[in-house]
Amino acid sequence: MPALHRKSAAAVLLVPLLAALALWAFAWPATRTAPRDLPLGVAGAPAAAAPVERRLAARDGAFEVHRYADEAAARAAIEDRKVYGAVVATPDGPKLLTASAASPVVAQLLQQALTAQAPAGTKVTTVDVVPAPAADPRGAALSSSILPLVIAGVAAGAAVTLMRLRGVRAVCTLLGIAAVVGIVGAALADSWLGALTGDWWTEAGVLGLTSLAISGSVAGLAALLGPAGIGLGAVTMVLLGNAFSGVASAPQLLPEPVGAIGQLLPPGAGGSLLRSVAYFDGAAATTPVITLAAWAGPGLTAVLLGSLRGRRAAGTAGRTAAPAPVPEPVG
């Protein structure tokens, strides 16, 4: 088969395969959204809280129930991002504590679930302990900010590779791009839209670190694998990382093990970290910081090692191609 025909056949097969992969990655989790071991607290006197706990535990693994002595302890757990909400058993009926800043989708789901389980005629009081900002009550701006970070990260890694930047220069370029992305992102999402309400520079740092984890990984793969590394990095970050991030809902609402996988990739870890610093004073930030560093560090190291390998290969080629010395004529 001529080379042109082989390329045409490859395109006919690969493009639909890529479309199918994208449809699977984005559509399948979206159509299977449901609570799976969703952390939820139950507080109050044992006699009053026990029936509530039993009803929640009977929901076939939907909730991971945490027991708290009183409402104050449950509120503290929500603020520390240990649970998404809590049901407080009171003499006047159940009180639901939510945190729409953690996930507006989960807050609504908890309200619907508790209302459906409450005895007929019982009024359920709902208190939003950590509300989403008034400028972004549905969390749309925060969830929409992850894809631009992914695109910027992939573009930065590809640009450094295609411009043939190597070694320290490539690493410094990636660091500079990440810093600017973080500052611009915070200026738009915090200063302009008001969708982020935490410390401005911390938010900029999180946005920059997320971008660096993605761009460093893409550039590192390209340094080790060549141009194919850009494609592999892009597929991993866009199709898997963005689709499995759970930023628009919650990782515990995605099919298993999609939610867990998403938190091990930069888009999911970056989204969780941004939510923590923007609304929860940095609570539960350690794990996503480690995850992002675990992607950024090896990626930048691979960029440096790829440069050293290229220099050795160039040196070896130069020595091989060096002409043999011409003997001087005798006499």
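In this report, we go over the structure that sits alongside the text. (Residues numbered from 1 in each chain as written. Predicted model: local features only at pLDDT ≥ 70, side-chain atom pairs only at ≥ 80, totals over all residues. Heavy atoms only, no water.)

## A short note on the sheet that holds strand S4 (residues 93-98)
Phase 1: On the basis of which strands lie adjacent, the open sheet formed by 5 strands has the order S2-S1-S3-S4-S5 and mixed pairing. Unpaired on one side and paired on the other, strand S2 (63-68) and strand S5 (125-128) mark the two borders of the sheet. Put simply, the sheet's adjacent strands are angled 25° from each other on average, direction ignored.
Phase 2: Here 6 bridges tie strand S3 (residues 85-90) to S4, and the two strands are oriented antiparallel to one another. Across the sheet, Val88 pairs through a bridge with Lys95, a residue of S4.
Phase 3: Helix-sheet contacts for helix H3 (residues 71-79) involve strand S1 (38-43), S2, S3, S4 and S5, and the interaxial angle to S4 is about 25°.
Phase 4: Contacting S1, S2, S3, S4 and S5, helix H4 (residues 104-117) crosses the sheet at an angle of about 170° to S4. (Pairing = 2+ DSSP bridges. Helix = DSSP H or I, 4+ residues; strand = E, 2+ residues; numbered from the N terminus. Axes fitted to C-alpha atoms, helices over the stretch in contact; angles between N-to-C directions. Contact = heavy atoms within 4.5 Å.)

## Some details on the environment of Ala158
Phase 1: Turning to its location among the elements, Ala158 is positioned in helix H6 (residues 146-162).
Phase 2: Residue Ala158 is classed as buried on the basis of its relative accessible area of 14%.
Phase 3: Distance in space between the C-alpha atoms of Ala158 and Ser215 is 7.9 Å, their sequence separation being 57 residues. (Buried < 20%, exposed > 50% of the residue type's maximum accessible area, 1.4 Å probe, protein only.)

## A short note on the packing of aromatic side chains
Phase 1: With the rule as written, the count across this model stands at 3 aromatic pairs.
Phase 2: With a centroid separation of 5.7 Å and an interplanar angle of 80°, the aromatic rings of Trp24 and Phe244 are classed as edge-to-face. Residue Trp24 is found in helix H1 (residues 3-31), and its partner Phe244 is found in the loop between helix H9 (228-242) and helix H10 (258-263); the two are separated by 220 residues along the sequence.
Phase 3: Here the aromatic rings of Trp200 and Trp201 are separated by 4.8 Å at their centres, their planes lie at 75°, and the arrangement is edge-to-face.
Phase 4: Overall, the relative accessible area of 22% leaves Trp200 in the partly exposed class.
Phase 5: Clustering of aromatic rings is evident, with ring pairs tying together Trp24, Trp28 and Phe244.
Phase 6: Above the ring of Phe280, the side-chain terminus of Arg81 is found at 5.2 Å from the ring centroid. (Phe/Tyr/Trp six-rings, centres within 6.5 Å; stacked < 30°, edge-to-face > 60°. Lys NZ or Arg CZ within 6 Å of the ring centre and 35° of its normal.)

## Digging into unusual backbone geometry
Phase 1: Geometrically, the link from Glu256 to Pro257 is a cis peptide bond, its omega value of 0° lying close to zero.
Phase 2: Of note, Pro257 is situated in the loop between H9 and H10.
Phase 3: Phi at Arg164 is positive, roughly 60°, even though this residue is not glycine.
Phase 4: One non-glycine residue, Ala284, adopts positive backbone phi at about 60°.
Phase 5: Structurally, Ala284 is set in the loop between helix H11 (266-279) and helix H12 (286-321).
Phase 6: For Ala284, a relative accessible area of 46% translates into the label partly exposed.

## Describing helix H7 (residues 167-192)
Phase 1: Between its first and last C-alpha, H7 extends 37 Å over 26 residues, near the 38 Å set by a 1.5 Å rise per residue.
Phase 2: Trailing H7 by a residue or two, Gly194 shows a phi angle of about 70°, which is positive. (Expected span 1.5 Å × (residues − 1).)

## Quick word on the pattern of salt bridges
Where side chains of opposite charge bring their charged atoms close, a pairing between them can arise.
Phase 1: Throughout the structure, instances matching the rule amount to 3 salt bridges.
Phase 2: Close ionic contact of Arg67 with Glu53 constitutes a salt bridge, the shortest N to O distance being 3.7 Å. Taken together, the residues span a long stretch of sequence, with Arg67 in strand S2 and Glu53 in helix H2 (residues 46-57) at a distance of 14 residues.
Phase 3: Assessed through its relative accessible area of 33%, Arg67 is described here as partly exposed.
Phase 4: Of the charged contacts, one joins Glu71 and Lys95 as a salt bridge, the two residues approaching to 3.3 Å between their closest N and O atoms. In this pair, Glu71 sits in helix H3 while Lys95 sits in strand S4, placing the two residues 24 residues apart along the sequence.
Phase 5: Given the relative accessible area of 22%, Glu71 is considered partly exposed.
Phase 6: When salt bridges with common partners are traced through the structure, they connect Glu71, Arg75 and Lys95 into a single cluster. (Salt bridge = Lys/Arg side-chain N within 4 Å of Asp/Glu carboxyl O.)

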